[in-house]
Amino acid sequence: MTTTDSLDTQQPVRHHTGPRTANRRRPIPKWMRRPGVVFAFIVLFAWLVVMAVPMLRPYDPTVAAGPALSPPSSEFLLGTDALGRDTLSRTLAGASVSIVNGVLIVVAAAVIGTVVGLVAGFFGGWVDETLMRVADLVFAFPGIILAMAIAAALGPSVQNAVIAAAISWWPGYARAVRSIVLSLRESEFVLSNRLAGVGTVRSIVSDLLPAVSGSVLVLAMLDIGGAILFLAGLSFLGLGAVPPDPEWGAMISDAVQYFDEWWLAVAPGVAIISVVLAFNLIGDALRDQLEPRLQEISGEGA
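Residues numbered from 1 in each chain as written. Predicted model: local features only at pLDDT ≥ 70, side-chain atom pairs only at ≥ 80, totals over all residues. Heavy atoms only, no water.

J.: Would you explain helix α9 (residues 200-236) in this entry?
T.: Structurally, the α-helix is built with 3.6 residues per turn, so residues lying three or four positions apart point the same way. With 37 residues, α9 ought to run about 54 Å at 1.5 Å a step, yet its terminal C-alpha atoms sit only 45 Å apart, falling short of that. Gly 238 sits one or two residues past α9 and shows a positive phi near 85°. (Helix = DSSP H or I, 4+ residues; strand = E, 2+ residues; numbered from the N terminus. Expected span 1.5 Å × (residues − 1).)

J.: Explanation requested: the packing of aromatic side chains in the structure shown.
T.: Any aromatic ring pair is given by two values, namely how distant the centres are and how the planes are angled relative to each other. Enumeration according to the criterion identifies 5 aromatic pairs in this entry. Relative to Phe 76, the ring of Tyr 59 lies with its centre 5.2 Å away and its plane at 35°, an arrangement referred to as tilted. Separated by 17 residues along the polypeptide, Tyr 59 in the loop between α3 (35-52) and α4 (87-123) and Phe 76 in the loop between α3 and α4 bring together distant segments of the chain. Centre to centre, the rings of Trp 169 and Phe 230 are 5.7 Å apart; their planes meet at 80°, and the pair counts as edge-to-face. Highlighted residues: Trp 169 in helix α7 (residues 158-184) and Phe 230 in helix α9, separated in sequence by 61 residues. On the basis of relative accessibility, which here comes to 13%, the residue Phe 230 falls in the buried class. (Phe/Tyr/Trp six-rings, centres within 6.5 Å; stacked < 30°, edge-to-face > 60°. Buried < 20%, exposed > 50% of the residue type's maximum accessible area, 1.4 Å probe, protein only.)

J.: Got a minute to help me understand the packing of α9 against helix α10 (residues 248-255) in this structure?
T.: Angle between the axes and distance between the axes are the two parameters that describe a pair of packed helices. Contact pair α9 / α10: the axes reach a minimum separation of 7 Å and the direction vectors enclose 40°. In this view, α9 runs oblique relative to α10, as classed from their interaxial angle. The handedness of the crossing between α9 and α10 is right-handed. Facing α9, whose interface residues are Ala 232, Ser 235 and Phe 236, α10 presents Gly 249, Ala 250, Ile 252 and Ser 253. (Axes fitted to C-alpha atoms, helices over the stretch in contact; angles between N-to-C directions. Parallel < 35°, antiparallel > 145°, perpendicular 65-115°, else oblique. Left-handed = near helix turned anticlockwise from the far one by under 90°. Contact = heavy atoms within 4.5 Å.)

J.: Looking at this structure, I do not really get the confidence of the model for the protein. What am I missing?
T.: In the predicted model, the protein carries a mean pLDDT of 85, and 85% of its residues have values of at least 70. Scored below 50 in pLDDT, residues 15-19 makes 0 contacts in the model with residues more than four places away or belonging to other chains. Confidence over residues 293-302 falls short of pLDDT 50; this stretch has 2 contacts with residues more than four positions distant or in other chains. (pLDDT = per-residue confidence, 0-100.)

J.: Would you mind showing me how to read the pattern of salt bridges here?
T.: Side-chain pairs of opposite charge can arise where the charged atoms are in close proximity. Going through the model one piece at a time under the given rule, you end up with 9 salt bridges. Where Glu 129 meets Arg 133, a salt bridge forms, and the shortest distance between an N and an O atom there is 2.6 Å. Of this pair, Glu 129 and Arg 133 both sit in helix α5 (residues 125-139), separated by 4 residues, roughly a single helical turn. Through salt bridges with shared partners, a single network forms among Arg 34, Asp 284, Arg 287 and Asp 288. (Salt bridge = Lys/Arg side-chain N within 4 Å of Asp/Glu carboxyl O.)

Quick look at the structure:
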């Protein structure tokens, strides 16, 4: 055997699958691996399945299924209400109303507030003054009072409650976005693009909107739980869902008349708590990930 052959036999075999396999791996972000966040995603996924699969409801949520005010049993796991409707079915069906419309409130408020904040911060001057005075006018009224007035004027319905809540919430997004834009509009990358001939709309969309999107996303995630509670409050006062449509706040309002029948309020109450807690846990983790400065500030304040 020659020296060359012996050297060749001693060379290790190289496998090229390692780098490719490593490139294919996409580790889950650290903030999504927190126990609280994992629990929140499981809860939201469960409610998503409930909303997507109506067959999970044992009975029709708008039709009497048994005796009125029947306590929990093997037939009716969460009992029935004063009209004999299955409480479990109404609670599951209420998710499609409460969660979806709570998200719509935040989306509408975030879109309106972001547009107003971008325009006010970018142009400044009388445009900024006018838009911010309108925001101050909305801020002058307590949110629930203003929403009640608007919903009462438009008439009781879930759609009108969403409109009323969005009108009450957009100034918070406008002020947050405006403060960021004011600190960025004189930055070098914005000024250089403007000098290069980039138009106003394109500068706002391409330069400023990506810079504020992270903060808006964090604020929106933190607000979804509050929006669901806000909508439930309007329905509790009779300004949201109209009977017989199931909605968690309206279900709790109906249960007030029957304190001895504890299951009437416990079922929608636990549903609200689970969803609000899940969104808050995800929002807190997302804030710590995208806005680390907020975490530092809160730590110093503590």
